[in-house]
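# Structural characterization, general
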Amino acid sequence: MNDTAARMTGHDTPPLKAHALRRPLGAVLAVLLSALALPFVMGSGAEADSTAGGDVQVAQTLGDRELTVILRRVTGVPGPLHVDVITHMGTAAGRLTLAVTPTGVSTSASAASVSGTTADTAVITLGGRPGTFSAVLDVTRAGPWELSLSDERRTATIPFIVPKQTTSPAETAVYVGFSGAGVLILVTVLVAARVRRVWWTLVPAGGLVACLTVAVTGTLLSSRLPPPPSQGGQVDATIDGVADPYAYVGQQTADYSRPPATLLLWSSTDRAGEAADLRLTLSDASTGLPVDDVVVHDGALLHLLVIGPSGQLWHLHPIRTGAGVFEVPLSLPEQGHYAVSAEFARRGGGVQQLRSATGIDAVPGSGAAARTTSVDAPARAGTGVRTVAGLDVRLTASSLVAGKAAVLTVRIGETATLQPWLGMLGHLVVVGPVSPTAAVGTATQGAQVWAHSHSMGAMPDGTHDMSGMDGMSHAGSMSHMEGMEAHSPASFSSSDMPVMSGLTSVNGDSTADETVAAYGPDVSFVYTFTAAGYYRVWIQAERDNAILTVPYLLHVTSNSEKTS
């Protein structure tokens, strides 16, 4: 009996103690492994790159060339900046000299010393046919830069930002917390295996829990904390600010808006048939200082709209030649009044549209009319078919009633070969109400409404959700649209609408550029005419590397009138 008891005491008791030790240790390990797996289950929120951005597309009217300059995303510095220059139909062959120069200020004397010094140059030889011409320039640091393009007569400067891969405080907490947890879990296992007293394991296990708490909290907050103000987009970019945007914690407000600007217009000539160098000067309406914080908006630094006496529309993109100074050549084909407006966006200040109070009055001249950037057909009242550059363009519209949203759908050709221009499939310029018989330039100068609208976007499945619009159901067709012309399809479902997937930037991905000719042929716009009357409407799209401008004169009725 005693021997049996002794055997039981000598052999059975230690296994019971080891089993008692393994039980809490297993529970601790299960909890820790579950916590370590939590971020992978929750997704990649902690891995989001808050500084990621897509390519930058900037339209430039350089002399008689209408160019699209694409600055490809820079993935690391020092590193290459790939620049593509896309030309359009009618662009003359020639050479362009490209140069990149760092700008901005820094607290580092070495960084500040190279600001304003050209870092690299390249030469592009443009061909006589539309196409893409590329160059590679080296950028040496993150921060604000300028790209200059010169045709030996004019030099355009395009400001841009070279980003730096930065980590937010929440992401730093995630990485540090899980790194510390990985070390402490090994320490906890080692202590539990070597020390007989269980409570000794609570010391590293407590630190492990603390690290996991910090890491999990950072994981939860990393995708929910607001990003810092965008360098170059919301606040003035500096070298230090781009390198570490989270270092400036003094921003106490999300309102980075700027005052409106004042537009001054100066033309080198007012004689019809002669080429004019048009200069636009933007000054701050509060201080009078030059506006030098214009940012890329809808694929350009500045959109210039000029409407001629006979209804011609020029949609140009002046080059930046100095602080608040933009220049563009413009041929005045006939005498009469030219109405002028400019659209741009200030850093953190939103989009502004300014109309010149004077416009341009062209007097008779002896020169021959210069070529315009688009071929305009004379506008006649109503929708229907227009022929522009040998191509049939058909416009259909829902009921044109003041105060109600109208859907304008234009079919350009019969094939899906439209190209994105300025990041959009189509542009709609609306001016009115105007007299249908008065000279267009004079009538539009005093028009109450100037609007610049873009083509409709797409839902994730490629269809358009217009359930919120008056008279349109979510699941039904659009065959009940009032005012559709006789040639409209009898059943016009949402599947007939233009698919625009790929034109919207997602998660820093770049949008499709003009080299992709795979959209259309239908392009739709939604616009609400605010008052009854006649409106001058121009629709623009790109096809076969040419910018097409299609004019219309639409009659908008009031609620008490019947649509004609």
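Whatever comes next refers back to the structure up there.
Fair warning: this is a prediction, and the values are worked out from it, not measured in the lab. (Residues numbered from 1 in each chain as written. Predicted model: local features only at pLDDT ≥ 70, side-chain atom pairs only at ≥ 80, totals over all residues. Heavy atoms only, no water.)

Next up on the list: the sheet that holds strand E19 (residues 384–388). Within the open sheet, the four strands sit side by side as E19-E20-E21-E25. Their pairing is antiparallel. Each edge of the open sheet is held by one strand with a lone partner, namely E19 and strand E25 (522–528). Ignoring strand direction, the axes of neighbouring strands in this sheet form an average angle of 25°. In this structure, strand E20 (residues 391–397) lies alongside strand E21 (residues 405–412), joined through five bridges in antiparallel fashion. Bridge pairing links threonine 396 to threonine 409 in E21. (Pairing = 2+ DSSP bridges. Helix = DSSP H or I, 4+ residues; strand = E, 2+ residues; numbered from the N terminus. Axes fitted to C-alpha atoms, helices over the stretch in contact; angles between N-to-C directions.)

Of all seven residues making up strand E15 (residues 325–331), six are buried, and the element is well covered by its neighbours. Examined bridge by bridge, strand E10 (residues 275–284) and E15 share seven bridges and lie antiparallel to one another. Residue pairing for E15: alanine 275 is matched across the bridge by serine 331. Inspection of the sheet shows strand E14 (residues 319–322) paired to E15 by three bridges, in the antiparallel sense. Residue pairing across strands places isoleucine 319 opposite glutamate 327, the latter belonging to E15. Following E14, the chain reverses through two residues before pairing antiparallel with E15; glycine 324 in that reversal takes a positive phi of roughly 75°. (Buried < 20%, exposed > 50% of the residue type's maximum accessible area, 1.4 Å probe, protein only.)

Before going further, it helps to examine the side chain of glutamine 231. Along the chain, glutamine 231 falls in the loop between helix H4 (202–222) and helix H5 (239–243). You can call glutamine 231 buried: its relative accessible area is 16%. With near-sequence residues (within four places) excluded, glutamine 231 lies in contact with Ile161, Asp236, Ala237, Thr238, Gly241 and Val242. (Contact = heavy atoms within 4.5 Å.)

In spatial order, the strands read E9-E10-E15-E14; together these four strands make up an open sheet with antiparallel pairing. Looking at strand neighbours, the two that pair on one side only are strand E9 (261–267) and E14, the edges of this open sheet. Direction aside, neighbouring strands of the sheet carry axes that sit 30° apart on average. Two strands pair when backbone bridges link them, and E9 and E10 are joined in this way by seven bridges, in the antiparallel orientation. Bridge assignment links threonine 262 to a residue of E10, and that residue is serine 283.

By the element assignment, threonine 87 lies in strand E3 (residues 79–87). Once you skip the residues sitting within four places of it in the chain, threonine 87 turns out to touch Glu66, Leu67, Leu126, Arg129, Pro130, Gly131 and Phe133.

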